[in-house]
Amino acid sequence: MDPLFTGAEWDFSLLDQLSNECEKIATEELKLDCYPNQFEIISAAQMLDAYSSVGMPILYPHWSFGKHRSIEENHYTTGKNGLAYEIVINSNPCISYLMEENTATLQALVIAHAGFGHNSFFKNNYLFREWTNADFIIDYLSFAKKYIQQCEEEHGPSEVELVLDAAHSLQNNSIDKSHRPSKLTLEKEELRKKERHAYTEERIGKVWQTIPGEREKTLSDSSKKDEDIFPVQPEDNLLYFIEKYAPNLAPWKREVLRIVRKVGQYFYPQGLTKIMNEGWATFTHYYIMTRLHEKGLITDGAYLEFIGSHTNVIRQRPQSPFNPYAIGFAIFMDLKRICLTPTDEDREWFPSIAGQSDWVSVLQDAAYNYRDESFIRQFLSPKVMRDFNLFAIDNPSEEEDYEVLAISDDQSYKDIRKILADQIMEERSAPDLRVVNVDLKDSRGIKIKLFGDITLDIDQLELVAYYIESLWEYPVSIAI
Amino acid sequence: MSHIIDRRPTGSTGAASKERLIKRVKEQLKEAVKKSIGNESIEDLINKGRKVTIPDKTLSEPTAQRDWRAGDWQKVFPGNKEYHKGDSINKPDDDGGAGQDGSPTGENDGLLSIYLSPEEYLSLLFEGLELPSLDKKSDADIEQFINKRAGFVKEGSPNRLNLIRTLRTSLGRKISLNGELKEELNYLKSVTPITIEIAERIIEIEEKISKISFLDETDMRYNHFVQVPQPKFKAVMFCLMDVSGSMGETEIQLSKRFMVLTYLFLARMYKEVEMVFVVYDTRARQVEQSEFFSYNSGGGTLTSAGLLEVQRIWNSNYDHAAINSYLVHASDGDNYSGDSEDCLDILDDLTSTMQNIFYVEVNRSLPNTLYKTYGILESANISRGRILSTEGVYPVFRDMFTPATKKQK
């Protein structure tokens, strides 16, 4: 077969061909099930925009996005980052960005990595299936952006900015972990918004229900202590609670809180699957590009260029934080090896996988049914641990020294795996803050408590408390 | 299966967020900008955007998060070279930094670098500054007009046809003409049984309806424009620079910097201002902009020659009544002592015909001859400044062009 391209130049018909060839390999050999792809050609400046709006091209403008953009711009103009292939949106169709300055090889790489790797992950990983709705997200974001714009026109940009700042600070503590979001459509959302405005204006919140007459009644009945505790059960979704129960918040502000909450919910699974997602996409692009080369569709030169780029991405610096691409890719490659050419060690550690000829199914099962910490617990092999020279240290805060708990040798593999999985879990979880009480009778103050035994950064917490107070408008206390 | 869409034409929308960022930290940026100007070359001053640094606290995005420095933790790291189980590792002096994923902003020391384009940088540089006393309006012969939209008219040229409006009007006409006929038609069509008269009447109505034209002359609507005269502020800025031998490298640099700021300020904020460049030692010459900024010094000093030349150009080439003029004069202040009288005479005349005169004295630790000379006049429209270093250029410039209302005395 003739190579599809020989230089760095690309045009739209080449992109089409590349996409088709990648798709062939992805569907026939890797058996990937993907959303339809939408590849958007953008300039470097637009790529910077996308980067800093957390990958969402139509998010509401906020100064924090400007700040991230400035930082990204710095990095780009001083050459620190290669803004190559990382913007892909979990939506249906799956939108990924191809920068116009990319060479043809790099475009092929992005198509493989984002258009088939990330795409299939978004569509099939259980967390995404449970918690996000790819059909709905772009519409919802359009709605959100328009709404916020209207608010700015009516109430002024600085008012809106205050609410957004406060909401952003609580975004991580406002995730609904218990149920799947319902299939709202844009029309329903509009209708709901109207209804809420009308309703909220008339509604007397639970917080105000204790008018004097009633209060005396309940006071005299002292056995009814339990009813005075509100909320009945501690509420861990802070924005939700404030949205519903803040005594004086204007309806438009409540809607803004809701928007920030929904967006945060949308991104929640991405934080929990960084290693797997990037590893999967890297594995996919590696497989596809290698196959394109084997089929003669890309030249040796293109392949070398690809390898250069790929190596850069999976580089892991020693004694530095983990590069999710590196470790994710290593694990998936390792799983394939365990299937096809297992050693005795593999047979001992992974009896159900070792020697399985259908490695594609094995890898898909690993990618789609786990999250980062369970993925590590299940699939991190001694070989990968040795390759990365992993070691675990203990930091007792009163001591002067760290203690090395485990290194990659026979006695300690399981320890390392456990410590790493726990570490990932801890690093990803937001502190468990819950609303435990609102003083209904008197101060209307809200009391929040920290569950779990960790120490919080006090400076940051004070700022967050200040933000909560700006929304709640009555005393705020946080028990840590 | 895959669609490919070209988004490049829509352009970058980062502008909205960047704008908000700048607004939010405007004050800090202005401070940072003030500090950052000073040491770069003049070309860079003009052409390059630059990075300014502000404290990150103003842009903090607080969240409830764990304090990793407190409390115990256990972590795994890659890249073990020499450790064994049970080894002790010395904790680094700063608070347990190992294990942080790197600050989320990618910056450290609580400082944030913001990259400003040349446009943005200059806006901040010149924010709040204005040319004082700009009030002579021009009744010049060639007036400037612009076209402004002013509703619709019934006649016009085809390129101004407003299609929607036209069709809307025609629709109105058709409704008013058709209305009754259509009502009757509908009624007749619903009557049963159909008699011959009804059928004939139906045909008659349908014919009438078909004769009503789709579009009529009276329907046509065209966009209308009116010409609005533009008030024209004409202004000219005279830049006078001492290039005598006493002006050493430092003095020339400082003067040039000041002139560059003036030039940029005017070029940016007052597009209609003309600039006249004059250099002098014992004699004065008018020069072009490029020569002005690259002039090398040498020769004796006779300030009155320079002022005389400015006066000559101003008097002979410009209509005093219609044009606002300004003079910016940069010198080290050395002047032949007998010359002061002549200077005073010329200045006396200039202050009455010009709007404002700005004098900057460079690199003399005590007020020099010219500084005192300018001071003698005690005129309201003379501003004096002394610049002793590159850091002083911008503050003096800023001070001179801040409107009196905004000045704090």
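Residues numbered from 1 in each chain as written. Chains lettered and ligands numbered in written order. Predicted model: local features only at pLDDT ≥ 70, side-chain atom pairs only at ≥ 80, totals over all residues. Heavy atoms only, no water.

1. Comments concerning the overall build of chain A
Point 1. On a plain count of helices and strands, chain A comes out with 20 helices and 8 strands.
Point 2. By residue count, 55% of the 480 residues in chain A fall in the buried class.
Point 3. Within the structure as shown, chain A displays about 20,900 Å² of accessible surface, and the carbon and sulfur contribution to it stands at 49%. (Helix = DSSP H or I, 4+ residues; strand = E, 2+ residues; numbered from the N terminus. Buried < 20%, exposed > 50% of the residue type's maximum accessible area, 1.4 Å probe, protein only. Areas by Shrake-Rupley, 256 points an atom, 1.4 Å probe, with all protein chains shown as cover.)

2. Remarks on the sheet that holds strand 1 (residues 37–42) of chain A
Point 1. Pairing in this open sheet of 4 strands is mixed, and the strands run 2(A)-3(A)-1(A)-1(B) from one edge to the other. Whereas interior strands pair on both sides, the edge strands pair on one side only; in this sheet they are strand 2 (88–89) of chain A together with strand 1 (3–6) of chain B.
Point 2. In this structure, strand 1 of chain A lies alongside strand 1 of chain B, joined through 4 bridges in parallel fashion. Bridging across to strand 1 of chain B, A:Phe39 finds its partner in B:Ile4.
Point 3. Sitting on the sheet, helix 4 (residues 104–124) of chain A touches strand 1, strand 2 and strand 3 (94–99) of chain A, and the angle it makes with strand 3 of chain A is about 160 degrees. (Pairing = 2+ DSSP bridges. Contact = heavy atoms within 4.5 Å. Axes fitted to C-alpha atoms, helices over the stretch in contact; angles between N-to-C directions.)

3. Structural notes on helix 19 (residues 413–428) of chain A
Point 1. If you check helix 19 of chain A, its first and last C-alpha atoms are 23 Å apart, about what 16 residues at 1.5 Å a residue would give, namely 22 Å.
Point 2. Residues of helix 19 of chain A that are buried: A:Tyr413, A:Ile416, A:Arg417, A:Ile419, A:Leu420, A:Ala421, A:Gln423 and A:Ile424. (Expected span 1.5 Å × (residues − 1).)

4. Digging into the pairing of strand 3 (residues 73–77) of chain B
Point 1. Taking burial as the measure, the 5 residues of strand 3 of chain B include 4 buried ones, the bulk of the element.
Point 2. Pairing geometry for strand 4 (residues 391–395) of chain A and strand 3 of chain B, over 5 bridges, is antiparallel. The partner of A:Asn395 across the bridge, within strand 3 of chain B, is B:Trp73.

5. Overview of the packing of helix 12 (residues 274–294) of chain A against helix 14 (residues 324–340) of chain A
All names here are of chain A.
Point 1. In contact at an axis separation of 7 Å, helix 12 and helix 14 are set at 60 degrees when each is read in the N-to-C sense. Judged by the inter-axis angle, helix 12 sits oblique to helix 14. Both helix 12 and helix 14 take part in a crossing whose hand is right-handed. Taken together, the residues of helix 14 that come into contact with helix 12 (itself represented by Lys274, Ile275, Met276, Glu278, Gly279, Trp280, Thr282, Phe283, Tyr286 and Tyr287) are Pro324, Tyr325, Ile327, Gly328, Phe329, Phe332, Met333 and Lys336.
Point 2. Across the contact of helix 12 with helix 14, the residue classes break down as 12 nonpolar, 3 polar and 3 charged. (Parallel < 35°, antiparallel > 145°, perpendicular 65-115°, else oblique. Left-handed = near helix turned anticlockwise from the far one by under 90°. Nonpolar A, V, L, I, M, F, W, Y, C, P; charged D, E, K, R; others polar.)

6. A closer look at the environment of A:Glu40
Point 1. Relative to the assigned elements, A:Glu40 resides in strand 1.
Point 2. Residues A:Glu40 and A:Leu98 lie 58 residues apart in sequence; the distance between their C-alpha atoms is 5.9 Å.
Point 3. Those residues in contact with A:Glu40 that lie beyond four places of it in its chain are A:Ile95, A:Ser96, A:Tyr97, A:Leu98, B:Ile5 and B:Arg7.
Point 4. At a separation of 2.6 Å, a polar atom in the side chain of A:Glu40 contacts the side chain of B:Arg7. (Polar contact = N/O pair within 3.5 Å; in protein donor to acceptor, adjacent residues only side chain to side chain.)

7. Some thoughts on the confidence of the model for chain B
Residues and elements named next belong to chain B.
Point 1. Summarising the model, chain B shows a mean pLDDT of 79, and 82% of its residues fall at 70 or more.
Point 2. Confidence over residues 95–109 falls short of pLDDT 50; this stretch has 20 contacts with residues more than four positions distant or in other chains.
Point 3. Listed scores for the predicted complex are pTM 0.65 and ipTM 0.78. (pLDDT = per-residue confidence, 0-100.)

8. Points about the side chain of A:Ser169
Point 1. By the secondary structure assignment, A:Ser169 is in helix 7 (residues 157–169).
Point 2. Leave out the neighbours within four places in its chain, and A:Ser169 touches A:Val464, A:Tyr467, B:Pro62, B:Thr63 and B:Ala64.

9. Observations regarding the side chain of B:Ser2
Point 1. Secondary-structure assignment places B:Ser2 in the segment before strand 1.
Point 2. Judged by relative accessible area, which is 13%, B:Ser2 ranks as buried.
Point 3. Beyond its immediate chain neighbours, meaning those up to four positions away, B:Ser2 contacts A:Ser19, A:Glu23, A:Asn37 and A:Phe39.

10. Some thoughts on the pattern of salt bridges
All names here are of chain A.
Point 1. Applying the stated rule across the entire model yields 32 salt bridges over all chains.
Point 2. Among the salt bridges present, the one from Glu21 reaches Lys24, with a minimum N-O distance of 3.7 Å. Placement of both Glu21 and Lys24 in helix 1 (residues 12–29) is noted, with a separation of 3 residues, approximately one turn of the helix.
Point 3. Classification of Glu21 by relative accessible area gives buried; the value is 14%.
Point 4. Two residues, Glu243 and Arg261, come together in a salt bridge whose shortest N-O distance is 3.0 Å. (Salt bridge = Lys/Arg side-chain N within 4 Å of Asp/Glu carboxyl O.)

11. Description of the packing of aromatic side chains
Point 1. All told, the structure shown has 39 aromatic pairs over all chains when counted by the stated rule.
Point 2. Both rings, one in B:Phe358 and one in B:Phe401, keep their centres 4.7 Å apart while their planes meet at 35 degrees; by these two values the pair is tilted. Remark: B:Phe401 occurs in helix 12 (residues 390–401) and B:Phe358 occurs in strand 12 (residues 356–362); sequence separation between them is 43 residues.
Point 3. Residue classification places B:Phe401 among the buried residues on the basis of a relative accessible area of 0%.
Point 4. These aromatic residues form a ring-pair network of at least three members: A:Trp280, A:Phe283, A:Tyr287, A:Phe332, A:Trp359, A:Tyr368, A:Tyr370, A:Phe375 and A:Phe379.
Point 5. When the ring centre of A:Phe451 is taken as reference, the NZ or CZ atom of A:Arg434 above it lies at 4.2 Å.
Point 6. Lying over the aromatic face of B:Phe225, B:Arg149 brings its terminal NZ or CZ to 5.7 Å of the ring centre. (Phe/Tyr/Trp six-rings, centres within 6.5 Å; stacked < 30°, edge-to-face > 60°. Lys NZ or Arg CZ within 6 Å of the ring centre and 35° of its normal.)

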